[in-house]
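Single-letter residue listing:
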Amino acid sequence: MLHTDTNNSSLCEWMIKPHVCIVIANKSISRAGEQMMKPMIGVLPLYDENKESYWMLPGYMKGIEEAGGIPVMLPLTAEPEILMNLAQMMDGFLFTGGHDVNPALYHEETLEVCGTPCQDRDAMESVLFQQILQLDKPALGICRGLQLFNVLLGGTLYQDLPLQFQSEARVIIEHKQKPPYSQPVHQVDVEKGTLLYDLLQTDTLRVNSYHHQGIKDLAKPLVAAATAEDGLIEAVVMPEQRFMMAVQWHPEFMYQEDEPSFKLFTAFVKACQGER
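Residues numbered from 1 in each chain as written. Predicted model: local features only at pLDDT ≥ 70, side-chain atom pairs only at ≥ 80, totals over all residues. Heavy atoms only, no water.

A. A look at the sheet that holds strand β13 (residues 204-207). Taking strand neighbours across the sheet as the criterion, the nine strands line up as β8-β5-β9-β10-β17-β16-β15-β12-β13 in an open arrangement whose pairing is mixed. In this open sheet, the two edge strands, each paired with only one partner strand, are β8 (70-73) and β13. Strand-to-strand twist in this sheet, taken as the mean axis angle between neighbours without regard to direction, amounts to 20°. The strands touched by helix α3 (residues 119-135) within the sheet are β9 (92-95), β10 (139-142) and β17 (244-247), with β9 carrying the most contacts at an inclination of about 145°. Its contacts with the sheet place helix α4 (residues 144-152) against β9, β10, β16 (233-237) and β17, and it is angled at close to 115° to β10. (Pairing = 2+ DSSP bridges. Helix = DSSP H or I, 4+ residues; strand = E, 2+ residues; numbered from the N terminus. Axes fitted to C-alpha atoms, helices over the stretch in contact; angles between N-to-C directions. Contact = heavy atoms within 4.5 Å.)

This is the structure we're talking about:
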C-alpha cells in the first residue's frame, strides 16, 4: 500500500531502495540525503507528414541534458487544457526548428516559395506560447522558434530571403549552408545591454545557418539581440519576460564544439532551474 502524508512535502511516495527515493511533492530526487534538482524542459516535437510521425533531432535533447536539464518531447496537440497542464508542469520550453510558419498568422498570402506549413504545429505553439507568457516560464526558440515568437507577438517574416530580402549593407551572406552544420559560416554582431550579450560577453559570434526565412518587421515586445552582417536579425529577447530568447542559428548542432552555443543551453537550463 502507498502511504502519503500531505503535511510533509519531503515524504517519499515510493521507496526504490535504502537511501534512494523520489519526491513528488517538490519534484526533486533525493539520494542519500542529497537533493538533485534538475528542471523538466518541454521540447516542441518535429513532425513528418509523409510518415505521419513525430520525431526529434538529438542535439535539442542532448544539449539540454548535458546542460543539466531533463528534456521531454511534448505531444502534438492544440487542446488548451492539455497544454495548460504541460505549461504548469514543465519548468521551461524549447521551441524547435522545422516547418515554415503559416503566413496567414501574420496576415499575408502564401507565396509559392514558402514551404508547406504544419497546421498542427502552428496551432499547438500558438496556444502554448500565450500560456507560457502568462506564466512567465523560460523559453528558448531556435530557427523556426525565433520566427514564431516574432509572428505571435505581432511581427512579420520574409517568406523567402533570396527573393525578398535585400541587404542595405550590400553584403551577401549564405543563410542556408551545406553540411556539416556544426561549422560556422558567418558572423553576427551582438547588441550590448541585451540578455544575449550579458550571457556571452562578446561583441561578435561566428554561427552556422540553415534557413530561408527571417524576420522582416520586428514585433514591438521584442528587442534585436544580434544581427548578421547583411542586417538580418539573428537573435531576439523579450525584456518583459524573465527568460525569453530566440536565435536564428542552430546551437543544437554546435554546442559540443562551440562554447557560446553551449552557454545558451546552460543559461536556459539555469533559468528553468529557477522555477524549482
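B. Examining the environment of I172 more closely. Turning to its location among the elements, I172 is positioned in the loop between α5 (161-164) and β12 (186-190). When its relative accessible area of 83% is taken as the criterion, I172 is described as exposed. With 57 residues separating them in the primary sequence, I172 and E229 have C-alpha atoms 8.5 Å apart. (Buried < 20%, exposed > 50% of the residue type's maximum accessible area, 1.4 Å probe, protein only.)

C. The arrangement of the layout of surface pockets in detail. For the largest pocket, the calculated volume is near 580 Å³. Considering the residues around the largest pocket, the lining is formed by 23 residues, among which W55, G97, G98, H99 and Y210 are closest to the centre. Only β6 (46-48) and α4 provide two or more residues apiece to the lining of the largest pocket. Split by residue class, the lining of the largest pocket holds nine nonpolar, eight polar and six charged. Counted as a void, the second largest pocket has a volume near 260 Å³. L161, P162, I172, I173 and H175 are, among the 14 residues lining the second largest pocket, the residues nearest its centre. (1 Å grid on protein atoms, 1.4 Å probe; cavity = no way out; pocket = protein on both sides within 12 Å on 5 of 7 lines; lining within 4 Å. Points joined across faces, edges and corners; volume = space filled by probe spheres on them. Nonpolar A, V, L, I, M, F, W, Y, C, P; charged D, E, K, R; others polar.)

D. Region of interest: the pattern of salt bridges. Here the structure, examined in full by the defined rule, presents six salt bridges. A salt bridge links E125 to R121; the shortest N-O distance between them is 2.8 Å. Of this pair, E125 and R121 both sit in helix α3, four residues apart, which is roughly one turn of the helix. The exposure class assigned to E125 is buried, which follows from its relative accessible area of 1%. Between E259 and K263 there is a salt bridge, and its shortest N-O distance comes to 3.7 Å. Pair noted here: E259 and K263 are both in helix α7 (residues 259-273), with a separation of four residues, about one helical turn. Of the residues examined, E259 reaches a relative accessible area of 55% and is grouped as exposed. (Salt bridge = Lys/Arg side-chain N within 4 Å of Asp/Glu carboxyl O.)

E. Spotlight on a nonpolar patch on the surface. A cluster of nonpolar side chains, namely L111, V113 and L163, defines an oily patch on the protein surface of about 240 Å² accessible area. Among the structural elements, L111 can be located in the loop between β9 and α3. (Patch = residues over 30% accessible without salt bridge, like charges linked within 9 Å, V, L, I, M, F, W, Y side chains within 5 Å. Areas by Shrake-Rupley, 256 points an atom, 1.4 Å probe, with all protein chains shown as cover.)

F. Structural context of α3. Helix length check: α3, at 17 residues, gives a terminal C-alpha distance of 25 Å against a target of 24 Å (1.5 Å per residue), a fit within 8%. Here α3 has its buried residues at R121, D122, M124, E125, S126, L128, F129, Q131, I132 and L133. The secondary structure elements touched by the buried residues of α3 are β6, α2 (80-89), β9, β10, α4 and β17. Positive backbone phi, approximately 55°, marks D136, located one or two places after α3. (Expected span 1.5 Å × (residues − 1).)

G. The arrangement of the side chain of T77 in detail. For T77, the position within the fold is in the loop between β8 and α2. Among the residues examined, T77 registers a relative accessible area of 17% and is labelled buried. Engagement of the side chain of T77 in a polar contact is seen with the backbone nitrogen of E79, the distance being 3.1 Å. (Polar contact = N/O pair within 3.5 Å; in protein donor to acceptor, adjacent residues only side chain to side chain.)

H. Representation of the nonpolar core in the model. Within the largest apolar cluster, 35 residues are counted, with the highest numbers of intra-cluster contacts made by L94, L196 and W249. For this core, the element with the highest residue contribution is α7, accounting for seven residues. Excluding residues that lie within four positions of it along the chain, L94 makes contacts with I41, G42, V43, L44, Y60, I64, L140, I142, F265 and F268. Counting residues in each nonpolar core, the second largest holds 34 residues, with L74, V101, I233 and M244 among its members. (Core = buried A, V, L, I, M, F, W, Y, C linked by side-chain atoms within 4.5 Å.)

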